[in-house]
Structure formats: structure tokens, C-alpha cells
Amino acid sequence: MAKNLQAVRGMRDILPEQSPSWQHIETCARELFNSYGYNELRTPLIESTDLFKRGIGDATDIVEKEMYTFEDRNGDSLTLRPEGTAGCVRAAMQHGLLHNQQQRIWYIGPMFRHERPQKGRYRGFYQAGIETYGIASPDIDAEVIAIGARLWKKLGLKNIHLEINSLGSNQAREVYRDVLVSYFSQNQEQLDEDSKRRLHQNPLRILDTKNPEMKSLVDNAPDLLDYLDDESKEHFEGLKQRLDVIGISYTVNSRLVRGLDYYNRTVFEWITSELGSQGTICAGGRYDSLVTKLGGKETPACGFGIGIDRLQLLLEEQDLPIPNHAPHLYFVMLGNTAEIAGLKIAENLRESSPGLRIMVNNGSGSFKAQLKRADKSAADYALILGDNELENHQVIIKPLRQETQQASLALDKLNDYVTNTILV
Ligand code: ATP
Ligand code: MG
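What you are looking at is a predicted structure, and each value in this text was computed from that prediction instead of being measured.

S.K.: A description of the site of ligand 1 should follow, citing residues and the corresponding values.
M.R.: Around ligand 1 sit 16 residues, and of these Arg113, Glu115, Arg121, Arg258 and Thr280 come closest. Gly307 places a main-chain nitrogen or oxygen 3.4 Å from an oxygen atom of ligand 1. Arg310 is positioned such that a nitrogen or oxygen atom in its side chain is 3.1 Å from an oxygen atom of ligand 1. In the complex, the protein chains occlude 87% of the 580 Å² of accessible area that ligand 1 would expose alone. Tallying contributions element by element places strand S10 (residues 280-286) first for the shell around ligand 1, with four residues. Its residues placed into classes, the shell around ligand 1 shows six nonpolar, five polar and five charged.

S.K.: Provide a residue-level description of unusual backbone geometry, including the pertinent values.
M.R.: The backbone of Asp319 sits at a positive phi, close to 55°, despite the residue not being glycine. Mapped onto the elements of the fold, Asp319 is located in the loop between helix H11 (308-317) and strand S12 (329-333). Non-glycine residue His393 carries a positive phi angle of around 55°. Its place among the elements puts His393 in the loop between helix H14 (387-391) and strand S15 (394-399).

S.K.: Which residues make up the state of the cysteines, and what values go with them?
M.R.: Per the counting criterion, the structure on display carries zero disulfides. For Cys28, which is in no disulfide, the shortest distance to another cysteine sulfur is to Cys282 and amounts to 15 Å. The closest cysteine sulfur to the non-disulfide-bonded Cys88 is located on Cys302, 14 Å from its own sulfur.

S.K.: Tell me about the side chain of Gln318, and please be specific about residues and values.
M.R.: Mapped onto the elements of the fold, Gln318 is located in the loop between H11 and S12. By relative accessible area, which is 15% here, Gln318 ends up buried. From its side chain, Gln318 meets the backbone oxygen of Lys158 in a polar contact 2.8 Å long. Among the polar contacts listed, one links the side chain of Gln318 to the side chain of Glu274, at a separation of 3.2 Å. Once residues lying within four places of it in the same chain are set aside, the contact partners of Gln318 are Gly156, Leu157, Lys158 and Glu274.

S.K.: Give a description of the pattern of salt bridges that names residues and reports values.
M.R.: Inspection of every chain in the model, using the stated rule, returns 22 salt bridges. Here Glu47 makes a salt bridge to Arg90, at a shortest N to O gap of 2.8 Å. With Glu47 in strand S2 (residues 46-48) and Arg90 in helix H4 (residues 85-94), the pair connects residues that are 43 residues apart, well separated along the chain. Notably, a salt bridge pairs Glu231 with Arg265, separated by 3.5 Å at the nearest N-O pair. Placement of the pair is Glu231 in helix H9 (residues 230-245) and Arg265 in strand S9 (residues 264-272), with a sequence separation of 34 residues. Through salt bridges with shared partners, a single network forms among Asp61, Lys65, Arg198, Arg205 and Asp208.

S.K.: Give me the nonpolar core: which residues, what numbers.
M.R.: With 89 residues, the main nonpolar core has Trp152, Phe184 and Trp270 as its most contacted residues. Dropping the residues within four chain positions of it, Trp152 is found in contact with Leu157, Ile160, Trp270, Ile281, Cys282, Ile306 and Leu311.

S.K.: Break down a nonpolar patch on the surface for me, with residues and values.
M.R.: Residues Leu45, Ile46 and Phe70 make up a contiguous nonpolar surface patch of about 230 Å² in total accessible area. Inspection of the secondary structure assignment puts Leu45 in the loop between strand S1 (39-40) and S2.

S.K.: If you had to explain the packing of aromatic side chains to someone new, which residues and values would you point to?
M.R.: Summed over all chains, the structure comprises seven aromatic pairs. Between Tyr176 and Tyr227 the ring centres are 5.5 Å apart and the planes differ by 50°, which places this aromatic pair in the tilted class. Taken together, the residues Tyr176 in helix H6 (residues 170-186) and Tyr227 in the loop between helix H8 (215-219) and H9 connect sequence positions 51 residues apart. On the basis of relative accessibility, which here comes to 0%, the residue Tyr176 falls in the buried class. Where Tyr183 meets Phe184, the ring centres are 5.2 Å apart and the plane angle is 65°; that geometry is what we call edge-to-face. A relative accessible area of 15% means that Tyr183 is categorised as buried. What makes Phe184 buried here is its relative accessible area of 0%. Clustering of aromatic rings is evident, with ring pairs tying together Phe33, Trp106 and Phe304. Seen from the ring of Tyr122, Arg12 lies directly overhead, with NZ or CZ sitting 3.9 Å from the centre.

Rules behind the numbers
- Residues numbered from 1 in each chain as written.
- Chains lettered and ligands numbered in written order.
- Predicted model: local features only at pLDDT ≥ 70, side-chain atom pairs only at ≥ 80, totals over all residues.
- Heavy atoms only, no water.
- Near = heavy atom within 4 Å.
- Polar contact = N/O pair within 3.5 Å; in protein donor to acceptor, adjacent residues only side chain to side chain.
- Areas by Shrake-Rupley, 256 points an atom, 1.4 Å probe, with all protein chains shown as cover.
- Helix = DSSP H or I, 4+ residues; strand = E, 2+ residues; numbered from the N terminus.
- Nonpolar A, V, L, I, M, F, W, Y, C, P; charged D, E, K, R; others polar.
- Disulfide = S-S within 2.5 Å.
- Buried < 20%, exposed > 50% of the residue type's maximum accessible area, 1.4 Å probe, protein only.
- Contact = heavy atoms within 4.5 Å.
- Salt bridge = Lys/Arg side-chain N within 4 Å of Asp/Glu carboxyl O.
- Core = buried A, V, L, I, M, F, W, Y, C linked by side-chain atoms within 4.5 Å.
- Patch = residues over 30% accessible without salt bridge, like charges linked within 9 Å, V, L, I, M, F, W, Y side chains within 5 Å.
- Phe/Tyr/Trp six-rings, centres within 6.5 Å; stacked < 30°, edge-to-face > 60°.
- Lys NZ or Arg CZ within 6 Å of the ring centre and 35° of its normal.

Okay, here's the thing in C-alpha cells:
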């Protein structure tokens, strides 16, 4: 195929045979978020570039090198959203959702980042996320984490562990930042290029380095948790206490800093060891200063983003059952008269049995060809209607996945058969 007719590098097609597991994840997430009292907020895929620059921060990987930014026909700088939080805050501010009220919001949809594509890392990928506004206490941090835990449970996922940390208040982090800059400055010769660049811009990110040669330097760096302010300490204790009470286990990782600038106090990641270096399937925390950064009134906020692509890979890796979309019935119809009568029978069945999945043979074909299609559809049964059956007001039910013999059935008993045998 001509090269320009291929999908753009790093952008994915989710093919029909893969979509049941995607739908399963998304349906579970939607139902779960709704059940905790969260409501969906759909924001545009495109926002002004400025929103992400101001919200996410200039010194982050996303803004530095990952955004799909372009000028529209008016010369305005626009960006395909690389994450969901900034857009949610923008929308909540714009529509006055943050004035003296609490909000619990969720979203699901595509995000875009220009990264090096590899397993679990794409340029177009999907996230599901929740965002809460107006609640400063650690009970909401615990709820946000509990929702993640419940989603893994609902999907049957195993071996996902939780790491938590506290970044403290903005003031406490400033103090720690200076300590860190002075520590790394004294060890300049051990810093790699990335870290040298980060030293003055975003020194906490050096702790996040994946470079093994810097491991011992980072291991010996001053500990963030030693610099926490009292209120943040209390907040962190409150979170841990609640996680203990509801039986969610965690490790405290004082090197966990997260890549985005807007976090304070709680940060966390859910990690699996089964996806190589793309092991973080969900990341989040508290970002109490984002709303003010974007020009709004001070509003506490806490949320997470889940990488659905990685979750889907993990579902496959752990070989978990996915609800089946295969039809219950594939309707084989022989001859023109049967096709017309069969269409009506099928629509009647759909009317009376809403849970029924029935696929009708379209485009005619020999008996053999139709049965082949029935088999390919993965249907449980073929429903067969020919001239003989029509004349006798009957249909044939032929099990396709069991050894049982086919049987004739009076047409006016078909409904009962569907209800009592097929849909049980
Ligand atoms: P990473 O360190 O893997 O680059 P991140 O810190 O950039 O992740 P976040 O911005 O916190 O990621 O996004 C939340 C989640 O979204 C991640 O934990 C991951 O599961 C998923 N995610 C992020 N970037 C990608 C991507 N390029 N492809 C697929 N999933 C992604
Ligand atoms: Mg990243």
C-alpha cells in the first residue's frame, strides 16, 4: 500500500476483533465512575496551546517535546490534547462549576503525544480519568485511589501495586528544591545531559531518571519526605490511615515525583511488572494550584489518568475473560420468500427479546455458504428457514457449538425458546 495511506506512525487502529476488550474496559470504567457519583465531562480534542503551556508547565516532557501543535487557518496556535486534566479545569472554570461547590468528574478519550512508539507507548492513545474539585481533605485522595483499586478488581487484574508519595506544599517543595539543586550541583560530573538541563528548571524530575548510571547518585539524594511541612505530613498520614482501613496496600516511594508540574501533596502510581518499562497503568495525585495557575480562584483538586492501551495489553497478558459479542443466533434463509419472511421474524424477535443478539444472513448464498458464515460469526445457533419450514410454519434450530442435534420448532414457539433456552 502507498506509504501515505498507512496510519500515521504511532497512531493505532483498534480492529473489530480487538474492540470487545476495549469496550469491556471502558464500560467497566464508566459504570464504576458513575457508581461513585462521578459524572462525565466531554471536552474538545483541541485546545489552545497556551492552556497546556500554562497548565502542564514549560519544563515538562509533554510541553517541551511531545505536543502536536499547529496553527489553524486564523493563525491561532492549537494543540491536540496530550492529557485530560487541563481541559477539564478549563471547562469547569468556563462554565462556573467551581464556585463554592464540589465536583466529581470523569472522562474517557484519545490523547496525543509525540513520543517514540513502542509497546504500551503510542502517539495516539486512550486515557480514562477522574477529576475532583473543591475537596481539600485526604478522604477524597483515598476515594480516588480506591476507585482505581476497584477497577482492577472489576476487570480481574492481578499483580498491580500502588506507590504513593507526598510532594508537600509548594513552599516546602521550594525549600527541598534548593537542597536538591545544591546536592546535584556538588555532583555535577555525575549528571547526564537530561539531568543537567533539569538541574535549574525542574530538579525534582532528576529523581525520576531511568538512567542506571545515575542510580546511586539519586539513591543518596536528600529525602523529600524529610522536608514535608506539618500540614502535608498530616494529610499524608490521613491518606495512609484510610488506605489501611479499606485494605489497600501500598509502598511509600519518596522518589516518586511525577512528570507534570501541577502536582502537590499526594502523588501515586499503579504499576505492573508485566509490561516491561511501560508498567505504569495509572497515575495521579493532588493539584491544588492548577486552577489558580489558569487564572481561577484557589480550588483544591485531585484525580488520576489511566492508560487504557496499557490496561488492554495487561488484560491480554493475564488472559482474562472478555464478555462475548458473538451473536446468539445466525439466521440462515434459503430463497427469496424465506428472506422476506425471515426479516420480519428477526425484527419481531428483536422487539420481544431486547437482550438477543441475532445476525441475519444478507446477500443470499447456498446453504453451505451461509452455514460457513454462521460458523465464522461465532454464533451459538443457526436458525434455518427454507421453503419447507415456511410452509409448515416452522424453523430449524441448529446448535453450532455443541454436539446436540438440530431440532424443528413451531414458529409461534420461537419466542419462548429464545427466552427459556437461549437467553438463560
Ligand atoms: P510515562 O512515564 O510512561 O511516560 P507519564 O507520566 O507521561 O507516563 P501521565 O501523563 O501521568 O503519564 O499519563 C497517565 C497514564 O497514561 C500513564 O500512566 C500511562 O498509563 C498512560 N500513558 C501516558 N503516555 C502514554 C502513551 N504515550 N501511550 C500509552 N499510554 C500512555
Ligand atoms: Mg510520558
